[in-house]
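Residues per chain are reported as follows:
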Amino acid sequence: MLNDMMATQNQKLINEGLPSFLKKHSKVNFLVCSSSLEKNADAYLSSLNKNNLKIINSYNLPNFEFLDFQEYLSGHPVYKNGVIVTNRNKKGEILLSFLKRIQRQPKLIIFVDNSADKLEDVKATIKSLKNIKLIIVEYSEYKKKVVLKVSKEQFTKYWNKQVEKFLH
């Protein structure tokens, strides 16, 4: 139910400056995400489109599953319409697997994450690849996000409503 909500509910950018940053790099044509459901890729694409960011599938790849990686909840990591959903596998390893599948290597990869450890893992994993510039961006805005306090009654009412929607 939570994964379904993540994929279907309105998502908001935590860092409002990210779209402007990405627009400066016109060579970016795919995105690596971490989530547990393939349909979350659609939510990410929708969020990008709302911010006038388009992922160009210049590799002309059909959608596929990374069957050589472990399943997690809903299946294997997937590539869908320019988005890679890692299903909790290591992002650097998924990215490297993706890069081995394409004939023409990108000149630039921008990797954004909220975890310094994951960013370092990606950096270490692809350092052997020549002629690829890697920009890693750690965002920490989510740590500063103010979470509204709600009463027990408000919490229960909200989640009962979500369960009802999910079941019907």
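Conventions used here
Numbering of residues starts from 1 in every chain and runs along the sequence as written. It should be noted that, the model being predicted, local features are given only for residues of pLDDT at least 70 and side-chain atom pairs only at 80 or more, the latter also being counted only at that level, while totals for whole chains, interfaces and linings use all residues. To obtain the side-chain values, all non-hydrogen atoms of the structure were included, while hydrogens and water were left out. The helix and strand labels rest on DSSP assignments: H or I over at least four residues marks a helix, E over at least two residues marks a strand, and numbering proceeds from the N terminus. Relative accessibility under 20% of the residue-type maximum defines a buried residue, over 50% an exposed one, and the middle range a partly exposed one, all with a 1.4 Å probe and only protein chains included. By definition, residues are in contact when any of their heavy atoms lie within 4.5 Å. In these tables, accessible area is a Shrake-Rupley quantity obtained with a 1.4 Å probe, and a residue counts as shielded only by the protein chains included in the view. Between the rings of Phe, Tyr and Trp (Trp by its six-membered ring), a pair exists once the centres lie within 6.5 Å; its type follows the angle of the planes, with under 30 degrees stacked, over 60 edge-to-face, and the other angles tilted. In this analysis, axes come from line fits to C-alpha atoms, helices being fitted only over the stretch in contact, and the angle between any two N-to-C directions falls in the range 0 to 180 degrees. Handedness of a helix crossing follows the sense of rotation of the near helix relative to the far helix, less than a right angle counterclockwise being left-handed and clockwise being right-handed. When residue character is reported, Ala, Val, Leu, Ile, Met, Phe, Trp, Tyr, Cys and Pro are called nonpolar, Asp, Glu, Lys and Arg charged, and the others, Gly included, polar. For every residue, the predictor assigns a confidence score, pLDDT, that lies between 0 and 100. Any carboxyl oxygen of Asp or Glu that lies within 4 Å of a side-chain nitrogen of Lys or Arg is treated as forming a salt bridge with it. The arc in question is the one traced by the directions running from the helix axis out to the C-beta atoms. Patches draw on residues past 30% relative accessible area with no salt bridge. Two like charges within 9 Å are joined, as are two nonpolar side chains (Val, Leu, Ile, Met, Phe, Trp, Tyr) within 5 Å.

Trainee: Please set out the overall build of the chain residue by residue, giving values where relevant.
Mentor: Assigned secondary structure in the chain consists of seven helices and six strands. Each helix and strand of the chain, placed in order from N terminus to C terminus, yields the pattern α-α-β-α-β-β-β-α-β-α-β-α-α. The buried share of the chain, taken over its 168 residues, is 36%. Of all intrachain contacts in the chain linking residues separated by at least 6 positions in sequence, the fraction that spans at least 24 positions is 70%. Total accessible area on the chain is roughly 11300 Å²; 52% of this is exposed by carbon and sulfur atoms.

Trainee: Kindly report on unusual backbone geometry, identifying the contributing residues and their values.
Mentor: At asparagine 81, a position not held by glycine, the phi torsion is positive, near 50 degrees. Mapped onto the fold, asparagine 81 is located in the loop between strand E3 (78-80) and strand E4 (83-85). For asparagine 81, a relative accessible area of 40% translates into the label partly exposed. Positive phi is not limited to glycine here, since asparagine 87 has a value of about 45 degrees. Along the chain, asparagine 87 turns up in the loop between E4 and helix H4 (91-101).

Trainee: Could you give me a rundown of the packing of aromatic side chains, with the residues and numbers involved?
Mentor: Evaluation of the coordinates by the stated rule reveals six aromatic pairs. Relative to tryptophan 159, the ring of tyrosine 158 has its centre 5.2 Å away and its plane inclined at 90 degrees; by these criteria the two rings are edge-to-face.

Trainee: Residues and numbers for the environment of valine 112, please.
Mentor: Along the chain, valine 112 turns up in strand E5 (residues 108-113). For the pair valine 112 and isoleucine 136, spaced 24 residues apart in sequence, the C-alpha to C-alpha distance is 5.9 Å.

Trainee: Before we move on, could you go through the packing of H4 against helix H5 (residues 116-126) and cite the residues and values that matter?
Mentor: For the pair H4 and H5, interaxial distance at closest approach is 8 Å and the crossing angle is 35 degrees. Taken as a pair, H4 and H5 cross one another with a handedness that is right-handed. Where H4 approaches H5, its residues Lys91, Gly92, Glu93, Leu95, Leu96 and Leu99 are matched on the opposing element by Lys118, Asp121, Val122, Thr125 and Ile126. By residue class, the composition of the contact of H4 with H5 is five nonpolar, two polar and four charged.

Trainee: Break down the confidence of the model for the chain for me, with residues and values.
Mentor: Per-residue confidence for the chain gives a mean pLDDT of 79; residues scoring 70 or more make up 81%. Across the chain, the secondary-structure element scoring lowest on mean pLDDT is helix H1 (residues 2-8), at 61, and the one scoring highest is strand E2 (residues 64-65), at 92.

Trainee: Mind laying out the pattern of salt bridges, listing which residues take part and the relevant values?
Mentor: Under the counting rule described, the total for this entry stands at two salt bridges. Of the charged contacts, one joins aspartate 113 and lysine 91 as a salt bridge, the two residues approaching to 2.2 Å between their closest N and O atoms. With aspartate 113 in strand E5 and lysine 91 in helix H4, this residue pair connects regions lying 22 residues apart in the sequence.

Trainee: Give me the lowdown on H5, citing residues and values where you can.
Mentor: Looking at H5, one finds that the buried residues are Leu119, Val122, Thr125 and Ile126. Each buried residue of H5 lies within a common arc of 130 degrees when the element is viewed along its axis, so the set occupies one face. Of the surrounding elements, those touching the buried residues of H5 are H4, E5 and strand E6 (133-138).

Trainee: With reference to specific residues and values, describe a nonpolar patch on the surface.
Mentor: A cluster of nonpolar side chains, Val163, Phe166 and Leu167, forms an exposed patch at the surface whose accessible area comes to about 280 Å². The residue valine 163 is located in helix H7 (residues 152-167) in this model.

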